[in-house]
Amino acid sequence: MKNWNWNLFSQKRKNLSLWWQSKHLRLEISSKCQLKCPLCFTGTGYHRKYSAIGWGNLDIEQFRDFLEKNPQIQSLELSNYGELFLHPQIEKILRMAYEKNIQLTILNGTNLNYLPDRVAEALVKYQVVKIKVSIDGASQQSYQQYRVGGNLEKVLNHIRKINFYKEKYQSRYPKLKWQFIVFGHNEHEIEKAQALAQELQMSFKLKFNYSPKKFPVRNRQILAQKMGYADITEFEEKNQIFYSPACFQLWTAPQINWDGKLLGCCVNYFGDFGNVFQEGLENLLQSERYIYAKKMLLGEVPARSDIPCVQCKRYEKVLQMPFCEQLEAHLKARQF
Ligand code: SF4
């Protein structure tokens, strides 16, 4: 009986490593950013010089070709490490996707310090579904401590501009979310920010700082009260799940870089699995290295040095968590 159960379990795992889909993707359209956020590898210049992300914009003709070759695509997340509104042809990108009935989101986030009027209108006209705006403060003084080079008033005016077009077109979309990373210098402004978000018809979400030793929260009680946990470690230890389960994306929404590199997940900046513009998306999703990476995460095979995950801090944690079960539950919940 024991053996039989084990075989069934192994079979399930085997299927999970081979399972793939290409309808829901993440494709970053610009890795450039104008801010200098001190804990961000884009803001500090690391990606530009040293990582697989680099510094650039999605080529519009490559995008057109990619959509032609992949008519199965149903949704695209457009943001990752950069500020997507710096792409000079973003309206065209939104329109091209809209004309193919592709649902668009900007949920990794935008700092929204730059938004030309015509782009604000395009967000509504082409029905971007959701946008998450990163605003860590309710005053310029606290906001600029992390969002170095940013201007809070500009950001709020850009939100008002989107709301203006939503009203003009009588549209529910895009739905707007205010994301507030809690630091020591802004923890006293949470309520003020929340009230402002409500006034701007935005949902509001607090987020933990991934590097809690930098800009540490002074009153940890505030986090425990408002978020249920004092930090990410406490959250993950108590729940035995990731605070942000990016590894699932290898299955649920593979990440592609602006230049076509298949990264797999939004965290990976260590290396790629080939170039989807040159080698074809579905070929790469079924390639030996991509499947091997999934097997590594499922704990079926040992780490291998040519797989980007070996350089990622999360990989070790994955092996200590019931990752396979969580992935299955996630796929089920998303009705894959
Ligand atoms: S281990 Fe790191 S690089 Fe690999 S899938 Fe998970 S988050 Fe991405």
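Note on numbering: residues in each chain are counted from 1, in written sequence order. Local features in this predicted model are restricted to residues of pLDDT 70 or higher, and side-chain atom pairs are both shown and tallied only at a pLDDT of 80 or more, whereas totals for entire chains, interfaces and linings draw on every residue.

Engineer: So what's going on with the overall build of the protein? Residues and values would help.
Structural biologist: In this description a helix means any DSSP run of H or I spanning at least four residues, a strand means any run of E spanning at least two, and both kinds are numbered starting from the N terminus. Each helix and strand in the protein was counted, giving 16 helices and 8 strands. Rg of the C-alpha trace for the protein: 20 Å, near the compact-globule value of 20 Å for 336 residues, within the 12% margin. Referenced to the eigenvectors of the C-alpha coordinate spread, the extents of the protein come out at roughly 60 × 50 × 40 Å. The exposure scheme places C-beta atoms from the backbone and then counts, for each residue, the other C-beta atoms within 10 Å of its own, assigning buried at 20 or more, exposed at 12 or fewer, and partly exposed in between. Sorting the 336 residues of the protein into buried and exposed places 34% on the buried side. A pair of residues counts as a contact when their C-beta atoms, built from backbone coordinates, are separated by no more than 7 Å. Contacts in the protein between residues far apart in sequence, at least 24 positions, make up 71% of those at least 6 positions apart. Taken over C-alpha atoms, the radius of gyration is set against a globule rule of 2.2 Å times the number of residues to the power 0.38.

Engineer: Please set out the pairing of strand β4 (residues 130-134) residue by residue, giving values where relevant.
Structural biologist: The element β4 is extensively covered by neighbouring structure, given that 4 of its 5 residues are classed as buried. At least two DSSP bridges between two strands are required for those strands to pair. Direction of pairing for strand β3 (residues 103-110) relative to β4: parallel, over a ladder of 3 bridges. Residue pairing in the sheet places T110 in a bridge with V133 of β4. Handedness is read with the strands pointing away from the viewer; a crossover is right-handed when the path from the first strand over the helix to the second is clockwise. For the crossover from β3 across helix α5 (residues 117-125) to β4, the handedness is right-handed. Pairing of β4 with strand β5 (residues 175-181), which is carried by 5 bridges, proceeds in the parallel orientation. Looking at β5, one finds that I131 is bridged to L176.

Engineer: Summarise the site of the ligand; cite the residues concerned and give the values.
Structural biologist: Taken together, 13 residues sit near the ligand, with C247, C265, V267, C309 and C312 positioned nearest. Classification used: nonpolar for Ala, Val, Leu, Ile, Met, Phe, Trp, Tyr, Cys and Pro, charged for Asp, Glu, Lys and Arg, polar for all others including Gly. Residue composition of the shell around the ligand, grouped by class: 10 nonpolar, 2 polar and 1 charged. Throughout this description, a residue near a molecule or strand is one whose C-beta atom, derived from the backbone, lies within 6 Å of it.

Engineer: Pulling in residues and values, what's your account of the nonpolar core?
Structural biologist: A set of buried Ala, Val, Leu, Ile, Met, Phe, Trp, Tyr and Cys residues, joined through C-beta atoms within 7 Å, is what we mean by a nonpolar core. In this structure, I29, V133 and L297 are the most contacted members of the largest nonpolar core, which totals 68 residues. Not counting chain neighbours up to four residues away, the residues in contact with I29 comprise N57, L58, L78, L84, H87, I90, I93 and W258.

Engineer: So what about helix α4 (residues 90-99)? Which residues, and what values?
Structural biologist: I90, I93, L94 and A97 are the residues of α4 that are buried. Looking down the long axis of α4, one finds its buried residues gathered within 95° of arc, a one-sided arrangement. Of the surrounding secondary structure, the elements contacted by the buried residues of α4 are α3 (60-69), β2 (75-77), β3 and α5. N101 sits one or two positions beyond α4 and adopts a positive phi of about 60°. To be clear, the arc concerns the directions from the helix axis to the C-beta atoms.

Engineer: Run through the sheet that holds strand β1 (residues 24-27), naming residues and quoting values.
Structural biologist: A sheet is described by the order of its strands in space; here 8 strands give the open sequence β6-β5-β4-β3-β2-β1-β7-β8, paired in mixed fashion. One side of each edge strand has no neighbouring strand; the edge strands of this open sheet are β6 (203-207) and β8 (262-264). When β1 meets β2, the two strands line up parallel, connected through 3 bridges. When the sheet's bridge partners are listed, L25 is paired in β2 with L76. Each of β5 and β6 touches helix α8 (residues 190-199); the most contacted strand, β5, lies at about 175° to it. Simply put, an axis is a line fit to the C-alpha atoms, just over the touching stretch for a helix, and the angle between two N-to-C directions goes from 0 to 180 degrees.

Engineer: If you had to explain unusual backbone geometry to someone new, which residues and values would you point to?
Structural biologist: Put simply, Y173 and P174 share a cis peptide bond, and its omega is -5°. Residues other than glycine seldom take positive phi values, yet L112 does so here, at roughly 55°. Along the chain, the position of L112 falls in the loop between β3 and α5. We classify L112 as buried; it has 25 C-beta atoms within 10 Å. The residue Q240 is not glycine, and still its phi comes out positive at about 55°. Along the chain, Q240 falls in the loop between α10 (232-239) and α11 (249-252).

Engineer: Please give an account of the packing of α4 against α5 that cites residues and values.
Structural biologist: Where α4 contacts α5, the two axes come as close as 9 Å, and the packing angle between them is 15°. As summarised for this structure, α4 and α5 are arranged roughly parallel, according to the angle between their axes. With respect to the hand of their crossing, α4 and α5 are arranged in left-handed fashion. Every residue of α5 that contacts α4 at I90, E91 and L94 is listed here: R118, V119 and A122. Class assignment for the residues of the contact of α4 with α5 results in 4 nonpolar, no polar and 2 charged. Every angle not falling under 35 degrees, over 145, or within 65 to 115 is termed oblique; those three ranges are roughly parallel, roughly antiparallel and roughly perpendicular. For any pair of crossing helices, the crossing counts as left-handed if the nearer helix is rotated counterclockwise from the farther one by less than a right angle, and right-handed if it is rotated clockwise.

Engineer: A description of the packing of α3 against α4 should follow, citing residues and the corresponding values.
Structural biologist: Relative to each other, α3 and α4 sit at 10°, their axes nearing to 11 Å. The orientation of α3 relative to α4 falls into the category roughly parallel. When α3 is examined against α4, the residues I60, F63, R64 and L67 are found in contact with a partner set consisting of K92, I93 and M96.

Engineer: Got a sec to walk through the environment of C265? Specific residues and values, please.
Structural biologist: The topology assignment puts C265 in the loop between β8 and α12 (276-279). For the pair C265 and A253, spaced 12 residues apart in the sequence, the C-alpha separation amounts to 7.7 Å. Setting aside its immediate chain neighbours within four residues, C265 contacts A246, C247, Q249, L250 and Q255.

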